[in-house]
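For reference, the chains in residue letters:
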Amino acid sequence: MIKRGMVSFFVIMISSILLSSCSEKPSPHDALQKYTKLWTNQQFEDMYAMLSKQAKQNISKENFINRYKKIYKDIKVTNLSVKPLPAEEKKEDDKKEQIKLPFSVKMNTIAGPIQFEHEALLVKEKQHDDEQWYVQWDTTYIFPQLQKGDKVRIAITAGKRGEIYDRNGLPLAMNGAAYEIGIVPGKMGENEESIKKQLAELLHIPVEYINEKLNASWVQPDYFVPIQKVAKSETALLESALNIQAVAVKEVAEREYPFAEAAAHLVGYIGNITDEELSKLKNKGYSASDRIGKRGLEELFEERLKGKDGAKIYIEKNNGSTVTVAESKAEDGETITLTIDAKLQKTIYEQMKGRAGTAAAIHPLTGEILALVSSPSFNPNEFVLGISAEEYKKLENNPLKPLINRFAATYAPGSAIKPIIGAIGLEKGIITPEQTKTIVEKKWQPKDGSWGNYFVTRVSDRLQNVNLQNALIYSDNIYFAMVGTDLGPDQLKEGLRSFGFEEELPFPYPIPKSQISNNGALKAGPQLADTSYGQGQMQMSILHLAAAYTPFINNGDLLQPILEKSQQKTVWKQQIISAKTANIIAEALKQIVANPNGTAHGAYMKDIILAGKTGTAELKDKKGEKGKENGLFVAYNADHPDLLIAMLIEDVQNDHGSKYVVNIVKNIFQTVKSH
């Protein structure tokens, strides 16, 4: 049991400790520790409360807070860290009326890291009946070089966006120029309404849009107020604009796309960053005023193309001299050189004459992509300059859907798949080149009648004993349906997968996988038969179709399509067929063009020996009804294999089917040779 005297002793001791702690004198070191912590957290209002009387006389609370906030916002301060530097605490410090203590400041800014050391002058004062240490603040605490009356300035040097070039150094996306049409308000006089109406009609924009520009808060009577940018090529439009009173024109820097519609889906364009995009990219150095890639390679290569702005934070002294606080150099974006041949790209686009379709051209010995075309198209320069709502609506309502990128879509390959099916049949030992199949009529089904009313049909019954080469020359559906039936679902799927079906194309552009069927399954019977001649639910991208022919020219190696000139030839899948099989199919592809009975004989030329295969894919809901047809042709120069073209044109049912495409591809080879 504790005695009463002992309890009293403990109470006295505790009281003494509490009293001594309460009477402990304030420390300047503690004050600086507290102040720097508030500074690190940017609690400027609480920082101001710790200023000395003299400091508060020199700057108001509002100005103190606003100056810090504005400077830190303008120079984009992040990772601010303010800490006292080690300083020996002496007993006599508390007896002093003022003391200098060192501290350090570190921060990241728009111009790079800033770091400095400084001394804080702390003074002992009585404020609000309480004696404490206070900071004798002045402008040098913001930056040591910043004296009273000096100003903090920022200079931005823009980093140029990287440009995109074709294999021959021709620009596909470049930093060029445009013209900006604007109004000088003070020159309109009494004709204001008439001028705005004339300009609105000329530029296909509402008068309200012009009013909005003219009513901006910064506008002055003698200022040039930009209304709309137009391409340098719009000479007639520019001349008409200059004939309107108070209208002026000036040249401005702008992104240009010299090959316009021909390469629009491939290259894309840039546009103003959206709030949603900014929220995703703000940690990568983007701001609300940036423009970014919106489609195509501009979007795909955005991070490589984007330039990094340079910045200089400096102090402008009263006498006009300057002191640099931090500086970072501007960095231009990467220049990207493609394997694309821009002239070939344009030739193919023009030969398609605005018909809905797509084409891929590759170098069949290297896998280099020479052209990727989607038709019809749009002019990316209009999007960069600011396409009007009226013009955009026209594109959206166009029945040919020019905004759809068709080389990033998949289609039924039709008979263009038959060389691949033939190669699979040879590799699996289901057929030999000499072996014939007896086909008597134009329609066929197995003798067991298990297909009911379903028949496979062929165009010609001229041949009754059909071998592989003749089946390819005449494009005999029944022959390939028989091959597919003999292969069975598993072997056919295995063979198609060896050619890259159901697999991501090793290519940077987002192109969907080619499919064997909607769900990956393949049933014996009609579905298997239809798939074997490129119908059923089979779908391929035009680029994959082009690449799938490379084994016939490379002794069985399937090449990877490559887009950048710096990339080396790469085999995607090695020896998917033997060199012997490749040669058998290659010879048959030559005969499809050379033989007068060949479906591609329209492409025969004495001076350019083409090899290739046609295809017609019928699109219909039910068997027996007439549907729309897509025409295809894959062809390459057999003697000098430096160009392979795969092309698809939609809705050719009234244009002799694939013959229409054959003529286009033939013209392209002739044009290329003449150049």
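What you are looking at is a predicted structure, and each value in this text was computed from that prediction instead of being measured.

A. Representation of the overall build of the protein. Scanning the protein for helices and strands turns up 22 helices and 25 strands. In terms of C-alpha radius of gyration, the protein reaches 38 Å, well past the compact-globule figure of 26 Å for 675 residues. Once the C-alpha set of the protein is aligned to its principal axes, its extents read approximately 120 × 95 × 45 Å. Taking all contacts inside the protein whose residues are at least 6 apart in sequence as the whole, residues at least 24 apart take part in 67%. Carbon together with sulfur atoms contributes 48% to the accessible area of the protein, which is approximately 33500 Å² in total. Both charge centroids of the protein, one from 83 positive and one from 83 negative side chains, sit 3 Å from each other.

B. Spotlight on the confidence of the model for the protein. Per-residue confidence for the protein gives a mean pLDDT of 93; residues scoring 70 or more make up 95%. Predicted confidence is poor over residues 1-12, with pLDDT under 50, and the contacts of this stretch with residues over four places away or in other chains come to one contact. pLDDT under 50 marks residues 14-23. Its contacts with residues more than four places away, or in other chains, come to zero contacts.

C. Main features of the nonpolar core. In this structure, Ile 348 and Met 647 are the most contacted members of the largest nonpolar core, which totals 128 residues. Sort the elements by how many residues they give to this core and helix α18 (residues 477-498) lands first, with nine residues. Setting aside residues no more than four positions away along its own chain, Met 647 makes contact with Ile 348, Met 352, Thr 358, Ala 359, Ile 542, Gly 631, Leu 632, Phe 633, Val 661, Ile 664, Val 665 and Ile 668. The next biggest cluster of nonpolar side chains, apart from the first, holds 44 residues, and it includes Tyr 68, Val 82, Phe 103 and Val 105.

D. Highlighting the sheet that holds strand β23 (residues 610-619). The antiparallel open sheet is built from five strands, whose spatial order is β16-β15-β25-β24-β23. Looking at which strands have only one partner, the edges of the open sheet turn out to be β16 (369-375) and β23. Within this sheet the neighbouring strands show an average axis-to-axis angle of 5°, counted without direction. Strand direction decides the pairing type here: strand β24 (residues 628-637) and strand β25 (residues 644-649), joined by six bridges, are antiparallel.

E. Summary view of the pairing of strand β4 (residues 130-135). Pairing of strand β3 (residues 112-127) with β4, which is carried by six bridges, proceeds in the antiparallel orientation. Within β4, the residue paired with Val 123 across the bridge is Tyr 134. Remark: two residues form the turn of the hairpin made by β3 and β4, two consecutive strands paired antiparallel; His 128 in that turn has positive phi of roughly 60°.

F. Structural view of the packing of helix α13 (residues 342-351) against helix α22 (residues 658-674). The contact between α13 and α22 brings their axes to 10 Å, and the two run at 145°. When the axes of α13 and α22 are compared, the crossing they make is right-handed. In this structure, α13 uses Leu 344, Thr 347, Ile 348 and Gln 351 to contact α22, whose residues at the interface are Ile 664, Asn 667, Ile 668, Thr 671 and Val 672. Here the residues of the contact of α13 with α22 sort into five nonpolar, four polar and no charged.

G. Looking closely at the packing of aromatic side chains. Tallied over the full model, the rule gives 23 aromatic pairs. For the pair Trp 444 and Trp 451, a centre-to-centre distance of 5.4 Å together with 80° between the ring planes defines the contact as edge-to-face. The same class applies to Trp 444 and to Trp 451, which are both buried. Ring-pair connections join several aromatic residues into one group, and the members of that group are Tyr 35, Trp 39, Phe 44, Tyr 48, Phe 64, Tyr 68, Tyr 72, Phe 103, Trp 137 and Tyr 141. Between Arg 304 and the ring centre of Phe 301, over which it is positioned, the NZ or CZ distance is 4.9 Å.

H. Representation of a negative patch on the surface within the structure. A cluster of acidic side chains, namely Glu 97, Asp 129, Asp 130 and Glu 131, defines a negative patch on the protein surface. Position of Glu 131 among the secondary structure elements: in strand β4.

I. Focus on the sheet that holds strand β13 (residues 322-328). What the three strands build is an open sheet, ordered β5-β12-β13; its pairing is antiparallel. Of all strands in the sheet, those with a lone pairing partner are β5 (151-157) and β13, marking the two edges. Shown here is a sheet whose adjacent strand axes are inclined to one another by a mean of 20°, direction ignored. Relative to β13, strand β12 (residues 310-316) runs antiparallel, the two being bridged by six bridges. The partner of Ile 313 across the bridge, within β13, is Ala 326.

J. Representation of the packing of helix α16 (residues 418-427) against α18 in the model. With their axes 9 Å apart at the nearest point, α16 and α18 run at an angle of 70° to one another. In this view, α16 runs roughly perpendicular relative to α18, as classed from their interaxial angle. Handedness of the crossing formed by α16 with α18: left-handed. Where α16 approaches α18, its residues Lys 418, Ile 420, Ile 421, Gly 422, Ile 424 and Gly 425 are matched on the opposing element by Asn 477, Phe 480, Val 483, Leu 487, Gln 491, Leu 492, Gly 495 and Leu 496. Looking at the contact of α16 with α18, its residues break down into eight nonpolar, five polar and one charged.

K. Structural context of the side chain of Ser 658. Tracing the backbone through its elements, the reader meets Ser 658 in helix α22. The exposure class assigned to Ser 658 is buried, which follows from its relative accessible area of 9%.

L. Local environment of unusual backbone geometry. For the bond from Ser 375 to Pro 376, the omega torsion is -5°, close enough to zero to count as cis. Its location among the elements puts Pro 376 in the loop between β16 and α14 (380-385). A positive phi is found at Asn 555, a non-glycine position, where the angle reads about 55°. Assignment of secondary structure puts Asn 555 in the loop between α20 (542-547) and β21 (558-559).

M. Spotlight on helix α8 (residues 235-242). When α8 is considered as a whole, its buried residues turn out to be Leu 237, Leu 238 and Ala 241. The arc enclosing the buried residues of α8, seen along the axis, measures out at 100°, which places them on a common side. Away from its buried face, by an angle of more than 90 degrees, α8 presents the exposed residues Thr 235, Ala 236 and Glu 239. Where α8 is buried, its residues contact β7 (171-183), α6 (192-203), β8 (225-230) and β9 (247-256).

N. View of the pattern of salt bridges. In total, this model carries 28 salt bridges according to the counting rule given. When the shortest N-O distance is used, the salt bridge between Glu 298 and Arg 161 registers 3.0 Å. Of this pair, Glu 298 sits in helix α11 (residues 296-300) while Arg 161 sits in the loop between β5 and β6 (164-165), placing them 137 residues apart in sequence. Relative accessible area serves as the criterion here: at 12%, Arg 161 is assigned to the buried category.

O. Spotlight on the environment of Thr 78. Following the sequence through the fold, Thr 78 ends up in strand β1 (residues 78-84). Exposure remark for Thr 78: the relative accessible area of 42% places this residue in the partly exposed category. Residues within four places of Thr 78 in sequence aside, it is in contact with Met 107 and Asn 108.

What counts and what doesn't
Residues numbered from 1 in each chain as written. Predicted model: local features only at pLDDT ≥ 70, side-chain atom pairs only at ≥ 80, totals over all residues. Heavy atoms only, no water. Helix = DSSP H or I, 4+ residues; strand = E, 2+ residues; numbered from the N terminus. Rg over C-alpha atoms; globule rule 2.2 N^0.38 Å. Contact = heavy atoms within 4.5 Å. Areas by Shrake-Rupley, 256 points an atom, 1.4 Å probe, with all protein chains shown as cover. Lys, Arg positive; Asp, Glu negative; His and termini not counted. Charge placed at Lys NZ, Arg CZ, Asp CG, Glu CD. pLDDT = per-residue confidence, 0-100. Core = buried A, V, L, I, M, F, W, Y, C linked by side-chain atoms within 4.5 Å. Buried < 20%, exposed > 50% of the residue type's maximum accessible area, 1.4 Å probe, protein only. Pairing = 2+ DSSP bridges. Axes fitted to C-alpha atoms, helices over the stretch in contact; angles between N-to-C directions. Left-handed = near helix turned anticlockwise from the far one by under 90°. Nonpolar A, V, L, I, M, F, W, Y, C, P; charged D, E, K, R; others polar. Phe/Tyr/Trp six-rings, centres within 6.5 Å; stacked < 30°, edge-to-face > 60°. Lys NZ or Arg CZ within 6 Å of the ring centre and 35° of its normal. Patch = residues over 30% accessible without salt bridge, like charges linked within 9 Å, V, L, I, M, F, W, Y side chains within 5 Å. Salt bridge = Lys/Arg side-chain N within 4 Å of Asp/Glu carboxyl O. Parallel < 35°, antiparallel > 145°, perpendicular 65-115°, else oblique. Arc of directions from axis to C-beta.

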